[in-house]
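Chain by chain, the residues run as shown.
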Amino acid sequence: MITINLPSEQDTIDLANYLAPILKAGDIITLYGDLGSGKTFFVKHLGKELGINEEIDSPSFIIMKEYLGGRLPLYHLDLYRLKDKEELYDLGIFDILEKGVTVIEWPHIAESILPYQTFKLDFHFDGKSRWVNVFPDDDHKQYFE
Ligand SMILES: Nc1ncnc2c1ncn2[C@@H]1O[C@H](COP(=O)(O)OP(=O)(O)O)[C@@H](O)[C@H]1O
Ligand SMILES: [Mg+2]
């Protein structure tokens with residue numbers, strides 16, 4: 001695990017810009033952290049750097065949004081309002097995982113059915129400072145040493 005301080009929005013943008021080019025189809029990024037800690041902000045910029053021109057906003061009411069038109073398809077999920085992990089099967093989550101990059105906010109409910117290896121980012125904001133704890137999956141460890 002490494003900790004990256006994110007004192008300004010640009011620091012979060014820099015992290016998104018660093019990560020986007022090293023992602024491949026099948027990668028799953030799980031985003032932890034309280035409301036307002038910067039998860040959606042990060043996804044917006046990850047999408048931008050993947051070449052998606054469409055504005056990315058929070059998918060919390062519709063659970064999943066698909067963005068095509070970038071270097072890879074981006075699937076943005078927010079499971080905050082998901083009541084039952086069985087709903088993920090109805091959403092077709094296992095059909096999309098291999099197609100592109102899947103980024104999941106509030107992934108806790110899905111942990112038991114996701115592949116063991118996800119790239120985990122745990123965002124923190126204590127009212128003053130912002131930072132993220134980075135837990136890369138095996139494929140990306142070399143980029144975070
Ligand atoms: N360093 C930073 N990284 C990310 N967001 C920041 C930062 N500094 C300020 N912000 C602001 O904090 C807010 C984070 O909101 P959001 O990304 O929607 O949080 P979450 O999805 O975790 O609930 C955004 O309005 C963003 O502009
Ligand atoms: Mg959010």
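Whatever comes next refers back to the structure up there.
Report on the accompanying structure. All of these numbers come straight from a predicted model, not from anything done at the bench. (Residues numbered from 1 in each chain as written. Chains lettered and ligands numbered in written order. Predicted model: local features only at pLDDT ≥ 70, side-chain atom pairs only at ≥ 80, totals over all residues.)

1. Quick look at the site of ligand 1
Working step 1: In the neighbourhood of ligand 1, 14 residues make up the surrounding shell, with Thr12, Gly38, Lys39, Thr40 and Phe41 lying closest.
Working step 2: For the shell around ligand 1, the secondary-structure elements that each account for two or more residues are helix H1 (9-19) and helix H2 (39-49).
Working step 3: Residue classes in the shell around ligand 1 are distributed as three nonpolar, seven polar and four charged. (Near = placed C-beta within 6 Å. Helix = DSSP H or I, 4+ residues; strand = E, 2+ residues; numbered from the N terminus. Nonpolar A, V, L, I, M, F, W, Y, C, P; charged D, E, K, R; others polar.)

2. Describing the sheet that holds strand S6 (residues 119-125)
Working step 1: Across the sheet, seven strands lie side by side as S1-S7-S6-S2-S5-S4-S3; this open sheet has mixed pairing. Lying at the two open borders of the sheet, with one neighbouring strand each, are strand S1 (2-5) and strand S3 (64-67). Between one strand axis and the next, the sheet turns through 20° on average, direction left out of account.
Working step 2: Relative to strand S7 (residues 130-135), S6 runs antiparallel, the two sharing six bridges. Note on S7: the bridge partner recorded for Leu121 is Val134.
Working step 3: Packed on one face of the sheet, H2 meets strand S2 (28-32), S3, strand S4 (74-78), strand S5 (101-105) and S6 and runs near 165° to S5. (Pairing = 2+ DSSP bridges. Axes fitted to C-alpha atoms, helices over the stretch in contact; angles between N-to-C directions. Contact = placed C-beta atoms within 7 Å.)

3. Describing unusual backbone geometry
Working step 1: Positive phi is not limited to glycine here, since Trp106 has a value of about 50°.
Working step 2: Along the chain, the position of Trp106 falls in the loop between S5 and S6.

4. Comments concerning the packing of H1 against H2
Working step 1: Running from N to C, H1 and H2 cross one another at 45°; their axes reach a closest spacing of 8 Å. Between H1 and H2, the angle falls in the class oblique. As H1 runs across H2, the sense of the crossing is right-handed. Taken together, the residues of H2 that come into contact with H1 (itself represented by Glu9, Thr12, Ile13, Ala16, Asn17 and Leu19) are Phe41, Phe42, His45, Leu46 and Glu49.
Working step 2: In the contact of H1 with H2, the residues fall into six nonpolar, three polar and two charged. (Parallel < 35°, antiparallel > 145°, perpendicular 65-115°, else oblique. Left-handed = near helix turned anticlockwise from the far one by under 90°.)

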